[in-house]
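# Tertiary structure, described
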Amino acid sequence: MQEIKRRYVIPGDKIIEGNYKPLMNVVKSGNYLVSTRVGIAEAGKDGVKVIPLSGVYIPRVNDLVIGKIIDRSSLSWDVDINACFFAHLPAQDVFGRDFSPAKDDMGRQLSIGDLIIARIVSFDRTRDPMLTVQDKDLGKIPYGEFIKISPTRVPRLIGKRGSMIQTIEQATQTRVIIGQNGIVVVTGRDPDGLSLAAKAIKMVEEESHTTNLTQRVKSLLNVQDPVDPEQPESMNTSSTTESATPPQPTTESATPPQPTTESATESATPPQPTTESAAPNNSKSSSSSKEKHRNDNSEKSSNNDSNSDQKEKKQE
Amino acid sequence: MYNLKELALMDENGKRSDGRGMDELRSIKITVGVVKNADGSAYIEFGKNKIIVAVYGPREVHPKHMALPDRCVLRCRYHMSPFSTDTRKNPAPSRREVEISKVMRESLEPSLILSDYPRAVIDVFVEVLQADGGSRCAGINAASVALADAGINMRDLVSACAAGRLSDNIVLDINDLEDKEGDADMPVAYLPNLEQVTLLQLDGKLTTAQFSECLEKAISGCKSVYEIQKEALMKKYFGNEMELKEEA
């Protein structure tokens, strides 16, 4: 396939003529491939696509998203995931299969206004997104600085193999949790580091399409040396580095109530975020969740057990 | 004997009441992204028209029963501010505003790929701050740019421009005086890349030949407007760089 030069396009712009496969944000019009969004058009071996520079988040299965609990029914929570639909988090996902609306108090686990990091397990044209927190690093986010960016800038913020976000994390001594829906939570002990990280994230958002952005971010952060390739890579493309603390799984949310994370001032004095002992009563909560999960034969309990085991080992 | 009406609208040199030639557009200025709280927005100055457009969505439909299972609902609200005209305009939606809201929605719909957002809604709010004839065309131009700014999948931008008749002359881009005193006014909305007309209204009388000339002139005006829309979008997203430079 003939390679085409990357170029800026707006809706209706003809990208290329010929028999190419339209991949993303591209439609066929006669013998031309036409862009449907403002963005950067590029062609690869697979076909032609446009990387958009604006737009709301459209949920996709398996995306990691950060959402805010906005409502609660007797069987599930409604979560605002910054998309055109509200997502649902079933109570059974948090309490286990033996959840009973009569016995279990949903407000004890997640209250309205809480931030969670969750994975989308199902979504299609006919129904709203369904979330799960049954995985490592998923669950309630107890503290941090809340930043909202355009969902289209998320890949740029992560960078190639997480390079951009690693640069920001290492230079500011913070931990950055990125949701594919454009919500970012930054945690760290140093208020200056937090504000610097927030500034860098905003810079990436505003100048995502410009050239030499990495260099400019590095100069903002006063990073002289190139990123060490030996550093561990991100746990996943939309999350964090290994050295950072994962958020507490919701099954262990017996931790003392943490302030909701939207206030920047509250994030200035968070508990220790860089080690596993972030929650002061971790051992208690771990053991209680372990007991609970031992009685539960469901598949998810094994996940959480392994979570708890890991935490215990690290504490030792 | 002089025809006083003709004298006011066009002089013996073919200059119109505001000094323009017959094929001349009013000055157009478009700014993208002026409303921070909206998903997409644009401000247009089309001659003396000043219009602000905000786009919200795709988002949840309220009331829920309006949602369509297979595609997105497009809602459009054209509204003239009470201070937009010489005498105070009652802010309640008038018959004319309801009609213009409808024709604007119908002219924008063909450019949008609404089937990409089932069960959702896109709201377009068009607020006329100052009116001087041709506000529906100016509103469509700004709305189209605001929709692109909101990142909604579109087949093409929509460009709109009116043409009309002053006595025997077909002229481009009718202003308020020409609209009231002239003989015909024909607003046209057009998809410049797809070469399709999405709005065609006519107020007045034209012969077949005049109609063809008027349509042709309006389409050429739409093409000129498209260049300005394109430039405004490019400026917002890419600054003054029109070509992408590869990062080293």
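For the structure itself, look to the data block above.
Basis of the calculations
Residues numbered from 1 in each chain as written. Chains lettered and ligands numbered in written order. Predicted model: local features only at pLDDT ≥ 70, side-chain atom pairs only at ≥ 80, totals over all residues. Heavy atoms only, no water. Helix = DSSP H or I, 4+ residues; strand = E, 2+ residues; numbered from the N terminus. Buried < 20%, exposed > 50% of the residue type's maximum accessible area, 1.4 Å probe, protein only. Contact = heavy atoms within 4.5 Å. Areas by Shrake-Rupley, 256 points an atom, 1.4 Å probe, with all protein chains shown as cover. Buried area = accessible area lost by both parts, 1.4 Å probe. Salt bridge = Lys/Arg side-chain N within 4 Å of Asp/Glu carboxyl O. Phe/Tyr/Trp six-rings, centres within 6.5 Å; stacked < 30°, edge-to-face > 60°. Pairing = 2+ DSSP bridges. Axes fitted to C-alpha atoms, helices over the stretch in contact; angles between N-to-C directions. Core = buried A, V, L, I, M, F, W, Y, C linked by side-chain atoms within 4.5 Å. Domains from an automatic or database assignment. Expected span 1.5 Å × (residues − 1). Parallel < 35°, antiparallel > 145°, perpendicular 65-115°, else oblique. Nonpolar A, V, L, I, M, F, W, Y, C, P; charged D, E, K, R; others polar. Polar contact = N/O pair within 3.5 Å; in protein donor to acceptor, adjacent residues only side chain to side chain.

Looking only at helices and strands, one finds five helices and 10 strands in chain B. Taking all 248 residues of chain B together, 52% fall into the buried category. Put simply, of all contacts in chain B between residues at least 6 apart along the chain, 67% involve residues at least 24 apart. Summed over its atoms, the accessible surface of chain B is roughly 11,500 Å², and 51% of this surface lies on carbon and sulfur atoms.

What follows concerns the interface of chain A and chain B. Think of interface size as the accessible area that goes away when the parts come together; that is how it is often given. Taken together, the contact between chain A and chain B spans 41 residues of the former and 37 residues of the latter. Carbon and sulfur atoms make up 55% of the surface buried where chain A meets chain B, a total of about 3,100 Å² over both sides. Area buried by chain A at its contact with chain B is led by A:Tyr8, A:Ile10 and A:Arg125, which between them contribute 23% of it. Our count for the chain A to chain B interface comes out at two salt bridges. A:Asp128 is the salt-bridge partner of B:Arg119, the closest N and O atoms lying 3.0 Å from each other. Of all elements in the fold, only strand 1 (7-9), strand 4 (26-29), strand 5 (32-35), strand 6 (39-43), strand 11 (115-124), strand 12 (127-132) and helix 6 (213-221) of chain A reach the threshold of two or more residues within the side of chain A that touches chain B. A per-element tally of the side of chain A that touches chain B places strand 1 of chain A first, with three residues.

All names here are of chain A. Here the structure, examined in full by the defined rule, presents six aromatic pairs over all chains. With 5.9 Å between their ring centres and 40° between their planes, Phe85 and Phe123 make a pair best called tilted. Taken together, the positions of Phe85 in the loop between strand 9 (76-80) and strand 10 (87-90) and Phe123 in strand 11 put the pair 38 residues apart, joining distant regions of the chain. Here Phe85 matches Phe123 in class, with each residue buried.

Looking now at the sheet that holds strand 3 (residues 49-60) of chain B. Residues and elements named next belong to chain B. Read from one edge of the open sheet, five strands run 1-2-3-5-4, paired in mixed fashion. Of all strands in the sheet, those bounded by a partner on one side alone are strand 1 (28-32) and strand 4 (73-80). Strand after strand, the sheet turns through a mean of 15° between neighbouring axes, direction not considered. Looking at chain direction, strand 3 and strand 5 (residues 120-130) are connected through nine bridges and run antiparallel. Directly across from Val53, in strand 5, lies its bridge partner Val126. Taken strand by strand, helix 2 (residues 95-108) contacts strand 4 and strand 5, and its axis lies near 140° from that of strand 4. Here helix 3 (residues 135-149) sits on the sheet and contacts strand 1, strand 2 (40-46), strand 3, strand 4 and strand 5; the angle it forms with strand 2, its principal contact strand, is near 150°.

Moving on to the sheet that holds strand 3 (residues 22-24) of chain A. Backbone hydrogen bonds hold the strands of a sheet together, and the pairing may be parallel or antiparallel. Residue and element names in this part refer to chain A. With respect to topology, four strands assemble into an open sheet ordered 1-6-7-3, the strand pairing being mixed. Across the chains shown, the open sheet's two edge strands, defined by having one partner strand only, are strand 1 and strand 3. Strand-to-strand twist across the sheet, computed as the mean angle between neighbouring axes with direction ignored, equals 35°. Across two bridges, the pairing between strand 3 and strand 7 (residues 48-52) is parallel. Looking at the pairing, Met24 lines up with Lys49 of strand 7.

Another point: the nonpolar core. A:Leu131 and B:Val124 are the most contacted members of the largest nonpolar core, which has 104 residues in total. The dominant element in this core, judged by the number of residues it contributes, is helix 5 (residues 208-238) of chain B, at 12 residues. Among the domains, domain 1 (7-52) and domain 2 (64-141) of chain A are the pair contributing at least three residues each to this core. A:Ile165, A:Met203, A:Val204 and A:Val217 belong to the second largest nonpolar core, which has 22 residues in total.

This paragraph deals with helix 5 (residues 191-206) of chain A. All names here are of chain A. Over its 16 residues, helix 5 runs 23 Å from end to end, which matches the ideal 22 Å to within 8%, given 1.5 Å per residue. Of the residues making up helix 5, those classed as buried are Gly193, Leu194, Ala197, Ala198, Ala200, Ile201, Met203, Val204 and Glu205. In this structure, the buried residues of helix 5 make contact with strand 14 (145-148), helix 3 (154-158), helix 4 (163-172), strand 15 (174-178), strand 16 (183-188) and helix 6.

Okay, the pattern of salt bridges next. Scanning all chains against the criterion turns up 29 salt bridges over all chains. The salt bridge involving A:Arg6 is made with A:Glu42; its shortest N-O contact spans 2.8 Å. With a gap of 36 residues between them, A:Arg6 in the segment before strand 1 and A:Glu42 in strand 6 connect regions that are remote in the sequence. By relative accessible area, A:Glu42 is classed as buried at 17%. Ionic pairing is found between B:Lys236 and B:Asp149, a salt bridge with its closest N-O pair at 2.9 Å. With B:Lys236 in helix 5 and B:Asp149 in helix 3, this residue pair connects regions lying 87 residues apart in the sequence.

Here we come to the packing of helix 4 of chain A against helix 6 of chain A. All names here are of chain A. Contact geometry for helix 4 and helix 6: axes closest at 10 Å, N-to-C directions at 5°. Classed by the angle they form, the pair helix 4 and helix 6 counts as roughly parallel. Taken together, the residues of helix 6 that come into contact with helix 4 (itself represented by Met164, Thr167, Ile168, Ala171 and Thr172) are Leu213, Thr214, Val217, Lys218 and Leu221. Within the contact of helix 4 with helix 6, the residues separate by chemical class into six nonpolar, three polar and one charged.

What follows is about the side chain of B:Arg16. Residues and elements named next belong to chain B. Tracing the backbone through its elements, the reader meets Arg16 in the loop between helix 1 (4-9) and strand 1. A polar side-chain atom of Arg16 sits 3.0 Å from the main-chain carbonyl oxygen of Gly21. Excluding residues that lie within four positions of it along the chain, Arg16 makes contacts with Leu9, Met10, Gly21, Met22, Glu24, Leu166, Val171, Leu172, Asp173, Ile174 and Glu178.

The next point concerns the environment of B:Ala150. Following the sequence through the fold, B:Ala150 ends up in the loop between helix 3 and strand 6 (159-166). For the pair B:Ala150 and B:Gly40, spaced 110 residues apart in sequence, the C-alpha separation works out to 3.9 Å. B:Ala150 has contacts with A:Ser54, A:Gly55, A:Val56, B:Asp39, B:Gly40 and B:Val55, leaving out every residue within four places of it along the chain.

Don't take any of this as a statement about function, it's just geometry.
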